[in-house]
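Residue-level structural notes
These are the residues of each chain, in order.
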2 protein chains.
Amino acid sequence: LQVVHGRLPCRVKFLVEGEEEIGSVHFGRYVEAHRDILRADACIWEFGQRDIKERLVITLGIKGICYLDLELVATSRDLHSSLGAIVDGAATKMAWALASLKDAAAGRVLVEGFYDKVRQPSPREMEATRILPFDEEEVKQSVGVKQFIGGVTGLDAQLRLLYQPTCTVCGFESGYTGQGSKTVLPRRARAKVDFRLVPDQDPEEIKQLVQRHFEQQGFDVKMTLLGGERAYRTSLDDPFVALVSGASREATGREITIHPTSAGTGPMYDVGHTLGVPIVGVGAGFWGGRAHAPNESMRLADFEETIFVMARIIERFAGLP
Amino acid sequence: LQVVHGRLPCRVKFLVEGEEEIGSVHFGRYVEAHRDILRADACIWEFGQRDIKERLVITLGIKGICYLDLELVATSRDLHSSLGAIVDGAATKMAWALASLKDAAAGRVLVEGFYDKVRQPSPREMEATRILPFDEEEVKQSVGVKQFIGGVTGLDAQLRLLYQPTCTVCGFESGYTGQGSKTVLPRRARAKVDFRLVPDQDPEEIKQLVQRHFEQQGFDVKMTLLGGERAYRTSLDDPFVALVSGASREATGREITIHPTSAGTGPMYDVGHTLGVPIVGVGAGFWGGRAHAPNESMRLADFEETIFVMARIIERFAGLP
């Protein structure tokens, strides 16, 4: 841009954080504390890819999260399992507690009040979702399942993935797990559960609802909130969305795809809500990038192309032709 | 005996096995193969103790066991937990599977047919159980629970402990269980479950019932039988019981207590059923022996006393006064 225009046509601020993978635990406070320095008219979120049909994906939102560490202590010590006739161990109780969180048939979270603040997709978001590419059979094959939760298909599956909160047991551990057998009634069980949240759910409030749920069910579960983020979505009607879409189309010479939100999580709320800016995610990834997996990669051509996309966004934002 | 009588007054055979703690996996076949050598009129099982009131305990039976190793694979690989909206992970499914085995309120096993062959205690066994010492509050305090499963108390708790089969999750493991958070939808979950069985339940059959239960509930659980033993009880009416009780009373000069069965497990069935002999458990332990725990111990005086008990049993068995 400096070569072409002799100068940056508008002010550009970079905000880089390194804690996203551990839940951006300090990011919200950082943005809050530096609100004046970070003030802006719009925000480009480096997050995006080319989909399987090589269309650039623009993403307008992201889910939140409530990540809980659970501990259940049932007895004062490990016991000989013959006592199982009159005493329940921690592993059994934790299985009941975890099972009580979600309905096995429909996948609906059974915690009272969990869905109270869930914002339903707007008609515009529904429409934008309807035209998204979604190769259902390919996803099923890739993850190795015969059907999705509750047998949902097509648009319903897409809507669940983007607009519904989740409840996932990420791990559990109790008692004897080595080779062979040991007849023990374990004293303690631990589990980790994440809830992916949608607007306008509050992770702290979700934690309290889960706590109350366990109490009502009679489970004495201690919990720690290991990560809490709120979801965020920029409106499809925001002029910045049209600007970025147009600039991307121009810079790549290809059609683009707009995702009203992503199924993933990130600290978008901390920026969008605190600074009051529209946010559009666009980035240099591609469909085969193996995010978070061994041999994660991006293609150099995509990286170069994204430089032009960013430059064109900045030009358009500055009112240049 | 040889000093007093100049000879052993009857033939005595010793049968010693070293695999009890791993489920006596070869014992049944061994007894079967050596049936002729082992043939006997009665059997003393070295298993017993002095209770908290220092009464010698005689035990006539023992529970069986069905120990299962469970594996549930939900997806072809670990997934990003954002997919939790449309795909259930192995940890969630295993929690449902384990929770489905037993009713949380009453502790009743929900596997269809599980109780079909359960032999109810006879009126004589009920009566013998009614007079057993059982310090309910002490047990609760020792294990650290406020109440027993389903709120049972007194004789009901005793009856459950001795005559009802159990279902205990001895251990489970899935996904991420380390420090902090990792948002993962685990591919695989493992668990170990033991069922303590009563006469006339068959461990192989129980395994099949559990397998069918999981299939009916829609859980694809692979299972391995790590230990299977049948329960056994000698009748309270067997003359050998009166003989051992009387001999023990004489040798110790104290009252004795008869337990119609124990809550623990051992390969008594292999001997009692295959050889067709009455079995009475009597031994040198004491109430504070910390079986299976650090600093397991017995008292030398109890050891010496038990020698006299055994000698008196042999004398009485041989018809000596």
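First things first, this report covers the structure right here in the doc. Just so we're clear, the structure is a prediction, and the values are computed from it rather than from any experiment. (Residues numbered from 1 in each chain as written. Chains lettered and ligands numbered in written order. Predicted model: local features only at pLDDT ≥ 70, side-chain atom pairs only at ≥ 80, totals over all residues. Heavy atoms only, no water.)

1. Points about unusual backbone geometry
Rules: Strands are runs of DSSP state E lasting at least 2 residues, helices are runs of H or I lasting at least 4, and numbering of each runs from the N terminus. Relative accessibility thresholds used throughout: buried, under 20% of the residue-type maximum; exposed, over 50%; partly exposed, between the two (1.4 Å probe, protein chains only).
The amide bond that connects Pro-199 of chain A to the next residue, Asp-200 of chain A, takes the cis arrangement and shows omega of 5°. Along the polypeptide, Asp-200 of chain A turns up in the loop between strand S9 (188–197) and helix H8 (203–217). One non-glycine residue with positive phi stands out, namely Glu-54 of chain B, at about 65°. Note that Glu-54 of chain B resides in the loop between strand S2 (49–50) and strand S3 (56–59). By relative accessible area, which is 28% here, Glu-54 of chain B ends up partly exposed.

2. Focus: the nonpolar core
Across soluble globular proteins, you tend to see nonpolar side chains buried next to one another. The following threshold applies: Nonpolar cores were defined as sets of buried Ala, Val, Leu, Ile, Met, Phe, Trp, Tyr and Cys residues, with membership established by side-chain atoms within 4.5 Å. Every residue pair with non-hydrogen atoms within 4.5 Å of one another is taken to be in contact.
Residues Leu-70, Leu-98 and Phe-195 of chain A together with Leu-70, Leu-98 and Phe-195 of chain B are the most contacted members of the largest nonpolar core, which totals 70 residues. Ignoring sequence-local partners within four residues, the contact set of Phe-195 of chain B consists of Gly-64, Ile-65, Cys-66, Leu-68, Phe-114, Thr-166, Cys-167, Ile-206 and Val-210 of chain B.

3. Digging into the packing of aromatic side chains
All names here are of chain A. Worth spelling out the cut-off: Stacked, edge-to-face and tilted labels apply to pairs of Phe, Tyr and Trp rings (six-membered ring for Trp) whose centres lie within 6.5 Å, assigned for plane angles under 30 degrees, over 60, and everything in between, in that order.
Applying the stated rule across the entire model yields 13 aromatic pairs over all chains. For the pair Tyr-232 and Tyr-269, a centre-to-centre distance of 6.4 Å together with 75° between the ring planes defines the contact as edge-to-face. In this pair, Tyr-232 is assigned in strand S11 (residues 232–233) and Tyr-269 in helix H10 (residues 268–275), connecting sequence segments 37 residues apart. Neither Tyr-232 nor Tyr-269 differs from the other in exposure class; each is buried. Aromatic rings pair up to connect Phe-114, Tyr-115 and Phe-195 into one cluster.

4. Structural notes on the pairing of strand S13 (residues 279–282) of chain B
Residues and elements named next belong to chain B. Stated formally: A pair of strands counts as paired when DSSP detects no fewer than two bridges linking them.
On S13, burial covers both faces: Ile-279 and Gly-281 on one face and Val-280 and Val-282 on the other are all buried. Bridge count for strand S1 (residues 43–46) against S13 is 4 bridges, and the pairing is parallel. Counterpart to Glu-46 in the pairing with S13 is Val-282.

5. Some details on helix H11 (residues 300–317) of chain A
Residues and elements named next belong to chain A. The criterion, for reference: How far a helix is expected to stretch is found by multiplying one less than its residue total by 1.5 Å.
Helix length check: H11 (18 residues) gives 26 Å between terminal C-alpha atoms against 26 Å at 1.5 Å per residue, within 8%. Of all the positions in H11, only Asp-302, Glu-305, Thr-306, Val-309, Arg-312, Ile-313, Ile-314 and Glu-315 are classed as buried. Summarising the contacts, the buried residues of H11 are in contact with helix H1 (2–5), strand S1 (43–45), strand S2 (49–50), strand S3 (56–59), helix H9 (239–252) and strand S14 (285–286).

6. Things to note about the packing of H9 of chain A against H11 of chain A
Residue and element names in this part refer to chain A. Applicable threshold: For helices, the axis comes from a line fit to the C-alpha atoms of the stretch in contact; other axes are also lines fit to C-alpha atoms, and the angle between any two N-to-C directions lies between 0 and 180 degrees. Throughout this description, any angle smaller than 35 degrees is read as roughly parallel, any larger than 145 degrees as roughly antiparallel, any in the 65 to 115 degree range as roughly perpendicular, and the remainder as oblique. Left-handed describes a crossing whose near helix is turned anticlockwise from the far helix through less than a right angle; right-handed describes the clockwise counterpart. Three residue categories are used. Nonpolar comprises Ala, Val, Leu, Ile, Met, Phe, Trp, Tyr, Cys and Pro, charged comprises Asp, Glu, Lys and Arg, and polar comprises the others, including Gly.
Across the interface, H9 lies against H11 with an axial gap of 8 Å and an inter-helix angle of 135°. Between H9 and H11, the angle falls in the class oblique. Crossing angle aside, the handedness with which H9 passes H11 is right-handed. For the pair formed by H9 and H11, the contact residues are Phe-240, Ala-242, Leu-243, Val-244, Gly-246, Ala-247, Ser-248, Glu-250, Ala-251 and Thr-252 on the first element and Glu-305, Phe-308, Val-309, Arg-312, Ile-313, Arg-316 and Phe-317 on the second. Within the contact of H9 with H11, the residues separate by chemical class into 10 nonpolar, 3 polar and 4 charged.

7. Describing the interface of chain A and chain B
Let me state the cut-off plainly: The term buried area refers to how much accessible surface (probe radius 1.4 Å) is lost by two components on association, counted for both of them together. For this analysis, a salt bridge means a side-chain nitrogen from Lys or Arg found within 4 Å of a carboxyl oxygen belonging to Asp or Glu. For this analysis, a polar contact is any N or O atom pair within 3.5 Å, provided that within protein one partner can donate a hydrogen and the other can accept it, and provided that sequence-adjacent residues contribute only side-chain to side-chain pairs.
Chain A puts 65 residues into the contact, and the matching count from chain B is 65 residues. Here chain A meets chain B over a buried area of about 5500 Å², counting both sides, of which 61% is carbon and sulfur. The largest share of the area that chain A buries against chain B comes from Ile-86, Trp-96 and Phe-172 of chain A, three residues that together contribute 15% of it. At the junction of chain A with chain B, the criterion picks out 2 salt bridges. Its salt-bridge partner being Lys-102 of chain B, residue Asp-88 of chain A comes within 2.8 Å of it at the nearest N-O pair. At the boundary of chain A with chain B, the tally comes to 34 residue pairs in polar contact (both at pLDDT 80 or more).

Remember, this is a structural readout, not a statement about activity or role.
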